[in-house]
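The residues making up each chain are set out below.
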Amino acid sequence: MIKNISMKITITLLVIFFSTILKFSTLASENKILFKVNNEIITSIDILNEISYLSSLNENISSLENKELIEIARNSLIKHKIKKITLSKVVEKIEINDDDFKRILISSYSSTGYTQVDEITNHLKKYNIKPGLIRNKMTINAIWNQFIYDKYKKNIKIDINKLKQDIFKNENQTEYLLSEIVFDLKEKQTVNEKFSIIESAIEKNGFENSALTYSISETSTVGGDIGWINENSIDTKILDKILKLKINNHTAPLVIPGGYLILRLKDKRISKRNVKLEDELKKIIRIKTNEQLNQFSNIFLNKAKKDIIINEI
């Protein structure tokens, strides 16, 4: 039975991969330079490789139309190049050791259900993704995250005493399964205009695929999935909005540093607090820290983008 299930999954992945390649046979026929980000080039093969990479993280991407897939891959590659260009000015060596790479690789693919390096390696082979591409992706993201932490760690604000009070308040705690779309605005664009576009996309393609297309958050590659979040980890104003949602509904745009946030409530549950205070406190601090760092990252990336020249060839 397990072998049959495994075979079905493998066949499904192969179908997704080859159907994606067939969609873009014109891109694959010759390797053309499509864009230049300063002096960094993006080719048609880079676009194909990026689509394969994004598909390996979230197979739902293959259901999108060709134009949307290319746009997602384009934006993802431009973001990657901007990070690389920015880091090259402030970091002597853009590299990580093997242990860090393995840890980051497992963390990045945890949402796919794989928890071992060998499993992930085999998974990537099904998408014809070269190890060097993955290493480069993980390295740039890891160094970028460390850079953002070093730059903004003094700006992180967490009320630890309030967190302790909230944890002790009830034996039972509510957890929410959430997805997000974080977006910013083009010049002269209003929030309502952008939200209307995203709402239409959600109605047509679903929330997860719309996150792939429109979200500037790092969670966009996994359809905006945040996972189960304890109510104590959520800002009071945002929690008030979540409490008004029915399952599978989403909020109107919420103002956050660096942009706007749409949250979708996928599920909720009540569980007993069965961990030590310090463990629970560390977990919530980690979540809140990452949330603020992601916001700082988006803010800094937008600033860095203003000094970058992007040309279509």
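Summary of the structure given here. Throughout this description, residue numbers start from 1 for each chain and increase along the sequence as written. The predicted nature of this model means local features are confined to residues of pLDDT at least 70 and side-chain atom pairs, given and counted, to a pLDDT of 80 or more, with totals for whole chains, interfaces and linings taken over all residues. Side-chain numbers come from the whole structure's heavy atoms, not from hydrogens or water.

1. Concerning the packing of aromatic side chains
Pairing of aromatic rings covers Phe, Tyr and the six-membered ring of Trp, with a centre-to-centre limit of 6.5 Å; geometry is then stacked below 30 degrees between planes, edge-to-face above 60, and tilted otherwise. All chains considered together, the criterion is met by five aromatic pairs. Judged by centre distance (5.9 Å) and plane angle (50°), the ring pair of Trp-144 and Phe-300 falls under tilted. Taken together, the positions of Trp-144 in helix α7 (residues 131-152) and Phe-300 in helix α12 (residues 277-305) put the pair 156 residues apart, joining distant regions of the chain. Using a 1.4 Å probe on the protein chains alone, a residue whose accessible area is under 20% of its type maximum counts as buried, one over 50% counts as exposed, and one in between counts as partly exposed. Overall, Phe-300 belongs to the buried group, its relative accessible area being 15%. For the pair Tyr-152 and Phe-296, a centre-to-centre distance of 4.6 Å together with 5° between the ring planes defines the contact as stacked. You can see Tyr-152 sitting in helix α7 and its partner Phe-296 sitting in helix α12, a full 144 residues away along the chain. Helix and strand labels come from DSSP, where a helix needs a run of H or I of at least four residues and a strand needs a run of E of at least two; each type is numbered from the N terminus.

2. Things to note about the pairing of strand β6 (residues 259-272)
Where strand β3 (residues 172-183) and β6 come together, 12 bridges link them in antiparallel fashion. Paired with Gln-173 across the bridge in β6 is Ser-271. Between any two strands, at least two bridges found by DSSP are needed for them to pair. What sits between strand β5 (residues 254-256) and β6 in their antiparallel hairpin is a turn of two residues, with Gly-258 showing a positive phi close to 90°.

3. Let's talk about helix α9 (residues 191-205)
One fewer than the residue count of a helix, multiplied by 1.5 Å, yields its expected span. Across its 15 residues, α9 extends 21 Å between first and last C-alpha, which sits within 8% of the 21 Å expected from 1.5 Å per residue. Of the residues making up α9, those classed as buried are Lys-194, Phe-195, Ile-198, Ala-201 and Ile-202. On an axial view of α9, the arc spanned by its buried residues comes to 120°, and they lie on one face. Exposed and oriented more than 90 degrees from the buried face of α9 are Asn-192, Glu-203 and Lys-204. Note on contacts: a residue pair is in contact if any heavy atoms of the two residues lie within 4.5 Å. Here the buried face of α9 lies against β3, α10 (207-214) and β6. The directions considered for the arc run from the helix axis to the C-beta atoms.

4. Details of the pattern of salt bridges
Oppositely charged side chains can form a pair if their charged atoms are brought close together. Here a salt bridge means any side-chain nitrogen of Lys or Arg lying within 4 Å of a carboxyl oxygen belonging to Asp or Glu. Summed over all chains, the structure comprises 13 salt bridges. A salt bridge links Glu-208 to Arg-264; the shortest N-O distance between them is 2.8 Å. Pair noted here: Glu-208 is in helix α10 and Arg-264 is in strand β6, with a separation of 56 residues, a long-range link. Residue Glu-208 is classed as partly exposed on the basis of its relative accessible area, which comes to 23%. Classification of Arg-264 by relative accessible area gives buried; the value is 14%.

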